[in-house]
Amino acid sequence: MKIIRCKNYEEASKVAGNLISEAIQAKPDIVLGLATGSSPIGTYQKLIQDYEDKKITFEQVKTYNLDEYVGIGRDCPQSYYYFMNDNLFNHVDIKKENIHIPYANPEQLEESCKHYSEELDKTVVDIQLLGIGANGHIGFNEPKTSFEQKTFIVNLTEKTREDNKRFFNSIDEVPTKAITMGIAEIMKAKKIILIATGKNKAEAVKRLLSKEVTTDFPASALHLHDDVVVVTDDEALSLVNC
Ligand code: GLP
């Protein structure tokens, strides 16, 4: 696991954005695994900037998103579908048919998981971008999820709902379930870039860097992968002696 220490979120976003930009330049038909949340927004802004500066094109890029809430429509601003269009896809030349975002049809939850899993079985993700939840979740793989898990419907923990409440009017509006890529599928990516910045990620970063591998802390599975880059900052590293 390689650690890149940045001064702050802005620098971390530039670093992560550059890593992805350079990878797109080297392989224009790259397959990207994408994440939502506050952590990757700056990275997406850097990619949009590089697209506008004509350094990269998304013409042949394919994307697979990690997760989506169950029970809110795609037109809802809190949905990850809406988030991805708003923060990246609407601003670059990606083809609609190359975008893959899990969609948990409330009538057919099992079929939705099976369908996404089958798509991922056929795909090799070149770079998977990740954030990290305060309880160590990646995608929406909450503590105690098996490292063998494939795409599934997860019951969100109260901690995760509480942390994500800031995007909703109240806690009652935060969905209780989500569909997420499983840890086994995340780990299949050739390279993983995890962004963790700010004081509220300090405990999670400390635990990640303790190197203990346990399902109690899903991100610890990343120690079993041979190409992981953690892009972090001074605040997130404030509890780590280094
Ligand atoms: C959500 C997403 C995760 C993300 C996490 C942290 O739960 N499902 O993929 O990593 O939030 O989000 P943030 O970057 O906003 O702290």
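Described in the following lines is the structure provided in the data block. (Residues numbered from 1 in each chain as written. Predicted model: local features only at pLDDT ≥ 70, side-chain atom pairs only at ≥ 80, totals over all residues. Heavy atoms only, no water.)

## Here we look at the nonpolar core
Okay, so step 1: With 30 residues, the main nonpolar core has Ile24, Leu32, Tyr44, Phe58, Met84, Leu88 and Phe89 as its most contacted residues.
Okay, so step 2: Mapped by element, the contributors of at least two residues to this core are β1 (2-6), α1 (9-26), β2 (31-34), α2 (41-52), α3 (80-87), β6 (127-130), β9 (191-196) and β10 (228-233).
Okay, so step 3: If you tally residues by element for this core, the top one is α1, at five residues.
Okay, so step 4: With residues up to four places along the chain from it excluded, the contact list for Tyr44 reads Leu34, Ala35, Phe83, Met84, Asn87, Leu88 and Leu129.
Okay, so step 5: Within the second largest apolar cluster, 27 residues are counted, among which are Ile138, Leu194, Phe217 and Ala219. (Core = buried A, V, L, I, M, F, W, Y, C linked by side-chain atoms within 4.5 Å. Buried < 20%, exposed > 50% of the residue type's maximum accessible area, 1.4 Å probe, protein only. Helix = DSSP H or I, 4+ residues; strand = E, 2+ residues; numbered from the N terminus. Contact = heavy atoms within 4.5 Å.)

## Points about unusual backbone geometry
Okay, so step 1: A positive phi is found at Lys54, a non-glycine position, where the angle reads about 60°.
Okay, so step 2: Mapped onto the elements of the fold, Lys54 is located in the loop between α2 and β3 (62-65).
Okay, so step 3: Taking relative accessible area as the criterion, Lys54 reaches 74% and is therefore assigned exposed.
Okay, so step 4: Notably, Lys144 is not glycine yet its phi reads approximately 85°, a positive angle.
Okay, so step 5: Inspection of the secondary structure assignment puts Lys144 in the loop between β6 and β7 (152-155).
Okay, so step 6: Since its relative accessible area comes to 62%, Lys144 is described here as exposed.

## A look at the site of the ligand
Okay, so step 1: Near the ligand lie 13 residues; those nearest to it are Ser38, Ser39, Asp67, Arg166 and Lys201.
Okay, so step 2: Taking Arg166, its side chain carries an N or O atom lying 2.7 Å from an oxygen atom of the ligand.
Okay, so step 3: Here an oxygen atom of the ligand sits 2.5 Å away from a polar atom, N or O, in the side chain of Lys201.
Okay, so step 4: When the ligand sits alone it has 390 Å² of accessible area, and the protein chains cover 94% of it.
Okay, so step 5: Here the ligand is seated within the largest pocket.
Okay, so step 6: Partitioned by chemical class, the residues of the shell around the ligand number three nonpolar, seven polar and three charged. (Near = heavy atom within 4 Å. Polar contact = N/O pair within 3.5 Å; in protein donor to acceptor, adjacent residues only side chain to side chain. Areas by Shrake-Rupley, 256 points an atom, 1.4 Å probe, with all protein chains shown as cover. 1 Å grid on protein atoms, 1.4 Å probe; cavity = no way out; pocket = protein on both sides within 12 Å on 5 of 7 lines; lining within 4 Å. Sits in = over half its atoms within 2 Å of the grid points. Nonpolar A, V, L, I, M, F, W, Y, C, P; charged D, E, K, R; others polar.)

## A few points about the pattern of salt bridges
Okay, so step 1: For the coordinates displayed, the defined rule picks out 13 salt bridges.
Okay, so step 2: The shortest N-O distance in the salt bridge between Lys55 and Asp50 comes to 3.9 Å.
Okay, so step 3: Two residues, Asp126 and Lys190, come together in a salt bridge whose shortest N-O distance is 3.1 Å. Of this pair, Asp126 sits in the loop between α4 (109-121) and β6 while Lys190 sits in the loop between α6 (183-187) and β9, and the two are 64 residues apart along the sequence. (Salt bridge = Lys/Arg side-chain N within 4 Å of Asp/Glu carboxyl O.)

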